[in-house]
Amino acid sequence: MIAIHQNRVKVVQTLFADDIKKQREKALEKLIVLNNKTDNRDDKTYLENVISLFENNTDILLWDQVKLETEKDSIGDVPLVEKLYRGKLRLVKSPIKNIIIKELGYKSLRSSFYPQYFEKIGIKACVYCNSQLTITAIKSKGKYSAKFDVDHYHSKDEYPFLSICLYNLYPACASCNRAKSNGEVEFNLYTNDGVKTLQADYQFKLTPYSKAKYLVTRDVEELSFIFEEPDYDNPNVKTFNEVFHIESIYETQKDVIEELIIKSQIYNQAYLKTLKLSFNKLSLHPRLYKRTLIGNYTEDKDIHKRPMSKFMMDIAKDLDLI
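Student: Which residues make up the pairing of strand 3 (residues 88-93), and what are the values?
Tutor: Among the six residues that make up strand 3, zero are buried, leaving the element largely open to the surroundings. In terms of strand pairing, strand 2 (residues 80-85) meets strand 3 through six bridges, oriented antiparallel. When the bridges of strand 3 are listed, Val81 appears paired with Val92.

Structure below.
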């Protein structure tokens, strides 16, 4: 729901420079071996184009969004093959697509590299809905392990060779990852515009008289809110709410609004002044005071750090709690 400055990402990429270099080298080696085993002419042509990209661009895993957009169609589409489906032949993408993704090592990177990489960047919550963590429990051989879920901004189904390009990876919960599927949304997670890293273009707001109705009835169902989105450049693009069902997700969290309303009644100005004084004596940062007050982060730039932070922050501001 908010962009991250590319300078911050580049600092982290510098920390992992050796790992990223080895990922490209290992991927290239495996692609060359795969090419030597491939007989199909169309598959081989596509593979050789992918290999050429990895050979000629040592920075391919670090391509920013502008470069990704420029280069994504440079080697052509994944080859098509005929497949019998319900008694009829239909054209589908060649199995070479999935083999390339496998050889690039995307699956293993989900559990080995991406958790460390994105933790350093500071992303723990889904960048789309902000309601869930980006870690998914995966069962393998009778055991569960935590894997990092990432959405590919440019679909790995269409662009398998971009499956491990770091700026193409958007940490997302499993639900949003499935909801977006191979589609695209008008949201850039990485930016050089400092303003976009401080203030989100998305906002939750209590509907008029919602609080007043609740205070009269004490019925949590009287509470309602809206999710405001920016005006998109492309009028045909689907909104966040249409793709990720944001309002439906947070409709299940009305009790959170109720708790914030109660806090706004209990924490009068005199009590807030006492709390601030206590925090000053402990030499704690004012931001920690606000975070403790509502039980989550209170600035847009921090919403990637914890689920539900954007929702709680916006409602708390609406209630003049922070």
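Student: Please give an account of the nonpolar core that cites residues and values.
Tutor: Counting residues in each nonpolar core, the largest one holds 93 residues, and the members touching the most others are Phe54, Tyr114, Phe118, Tyr128 and Phe240. Top contributing element to this core by residue count: helix 3 (residues 41-56), with six residues. Once residues lying within four places of it in the same chain are set aside, the contact partners of Phe240 are Met1, Tyr128, Val185, Phe187, Tyr202, Phe227, Glu229, Tyr232, His245 and Ile246.

Student: How would you summarise the pattern of salt bridges if you had to cite specific residues and measurements?
Tutor: Applying the stated criterion across every chain yields a total of 17 salt bridges. One salt bridge in this structure joins Asp149 and Arg110, with 3.6 Å as the shortest N-O distance. Here Asp149, found in the loop between strand 5 (143-148) and strand 6 (150-152), pairs with Arg110, found in helix 6 (residues 106-112); they are 39 residues apart in sequence, far enough to count as distant. According to the relative accessible area criterion, Arg110 is buried, its value standing at 15%. The residue Glu251 makes a salt bridge to Lys254 at a minimum N-O spacing of 3.3 Å.

Student: Could you give me a rundown of the packing of aromatic side chains, with the residues and numbers involved?
Tutor: In this description, an aromatic ring pair is defined by two values, namely the gap between the centres and the angle between the planes. All told, the structure shown has 27 aromatic pairs when counted by the stated rule. Ring geometry for Phe187 and Tyr202: centres 6.4 Å apart, planes at 75°, overall edge-to-face. Residue Phe187 is located in the loop between helix 8 (174-180) and strand 8 (190-191), and its partner Tyr202 is located in the loop between strand 8 and strand 9 (203-206); the two are separated by 15 residues in the primary sequence. Neither residue differs from the other here; Phe187 and Tyr202 are each classed as buried. Centre to centre, the rings of Phe225 and Phe311 are 5.4 Å apart; their planes meet at 70°, and the pair counts as edge-to-face.

Student: Which residues make up the environment of Ala270, and what are the values?
Tutor: Looking at where Ala270 falls in the secondary structure, it is placed in helix 13 (residues 269-281). On a C-alpha basis, the gap between Ala270 and Asp157 in space is 58 Å, while along the polypeptide they are 113 residues apart.

Student: Quick one: what's the story with helix 2 (residues 17-37), residue by residue and with numbers?
Tutor: Taking 1.5 Å of rise per residue, 21 residues should cover 30 Å, and helix 2 covers 31 Å from first to last C-alpha, within 8% of that figure. All of the buried residues along helix 2 are Ile20, Gln23, Arg24, Ala27, Leu28, Leu31, Leu34 and Asn35. Looking down the long axis of helix 2, one finds its buried residues gathered within 130° of arc, a one-sided arrangement. Residues of helix 2 that are exposed and point over 90 degrees away from its buried face: Asp18, Lys21, Lys22, Lys26, Glu29, Asn36 and Lys37.

Student: Talk me through the environment of Ser163; I want residue IDs and the actual numbers.
Tutor: By secondary structure assignment, the location of Ser163 is in the loop between strand 6 and strand 7 (169-171). A relative accessible area of 0% means that Ser163 is categorised as buried. A C-alpha to C-alpha distance of 16 Å links Ser163 and Glu29, two positions 134 residues apart in sequence. In contact with Ser163, other than residues within four places in its own chain, are Ile101, Leu104, Tyr106, Tyr114, His152, Lys156 and Leu169.

Student: Lay out unusual backbone geometry with the relevant residues and their values.
Tutor: Here Arg218, not a glycine, exhibits a phi torsion of approximately 55°, which is positive. Note on placement: Arg218 falls in the loop between helix 9 (210-217) and strand 10 (225-228). Its relative accessible area of 44% is what places Arg218 among the partly exposed residues. Backbone geometry places Met308, a non-glycine residue, at a positive phi of 70°. Within the element layout of this structure, Met308 appears in the loop between helix 14 (286-294) and helix 15 (309-318).

Student: Residue-level account of the side chain of His154, with values.
Tutor: Counting through the fold element by element, His154 comes out in the loop between strand 6 and strand 7. Taking relative accessible area as the criterion, His154 reaches 3% and is therefore assigned buried.

Student: Could you give an account of a positive patch on the surface, with specific residues and numbers?
Tutor: Together, Lys26, Lys30, Lys102 and Lys107 make up a region of like positive charge exposed at the surface. Its location among the elements puts Lys107 in helix 6.

Student: Go over the environment of Leu162 with me, naming the residues and quoting the values.
Tutor: Mapping Leu162 onto the fold places it in the loop between strand 6 and strand 7. For the pair Leu162 and Trp63, spaced 99 residues apart in sequence, the C-alpha separation works out to 9.6 Å. Ignoring any residue separated from it by four or fewer positions in sequence, one finds Leu162 in contact with Leu68, Lys72, His152, His154 and Asn168.

Student: Let's hear about helix 15: which residues, and what values?
Tutor: Judged by how many residues are buried, helix 15 sits mostly within the fold: eight of 10 residues are covered. Those residues of helix 15 hidden inside the fold are in contact with strand 9, strand 10, helix 11 (246-251), helix 12 (254-266) and helix 14. The positive-phi residue at the C-terminal boundary of helix 15 is Asp320, with phi of around 60°.

Rules and cut-offs
- Residues numbered from 1 in each chain as written.
- Predicted model: local features only at pLDDT ≥ 70, side-chain atom pairs only at ≥ 80, totals over all residues.
- Heavy atoms only, no water.
- Buried < 20%, exposed > 50% of the residue type's maximum accessible area, 1.4 Å probe, protein only.
- Helix = DSSP H or I, 4+ residues; strand = E, 2+ residues; numbered from the N terminus.
- Pairing = 2+ DSSP bridges.
- Core = buried A, V, L, I, M, F, W, Y, C linked by side-chain atoms within 4.5 Å.
- Contact = heavy atoms within 4.5 Å.
- Salt bridge = Lys/Arg side-chain N within 4 Å of Asp/Glu carboxyl O.
- Phe/Tyr/Trp six-rings, centres within 6.5 Å; stacked < 30°, edge-to-face > 60°.
- Expected span 1.5 Å × (residues − 1).
- Arc of directions from axis to C-beta.
- Patch = residues over 30% accessible without salt bridge, like charges linked within 9 Å, V, L, I, M, F, W, Y side chains within 5 Å.
- Areas by Shrake-Rupley, 256 points an atom, 1.4 Å probe, with all protein chains shown as cover.
- Lys, Arg positive; Asp, Glu negative; His and termini not counted.
- Charge placed at Lys NZ, Arg CZ, Asp CG, Glu CD.

This is a description of form; function is not addressed.
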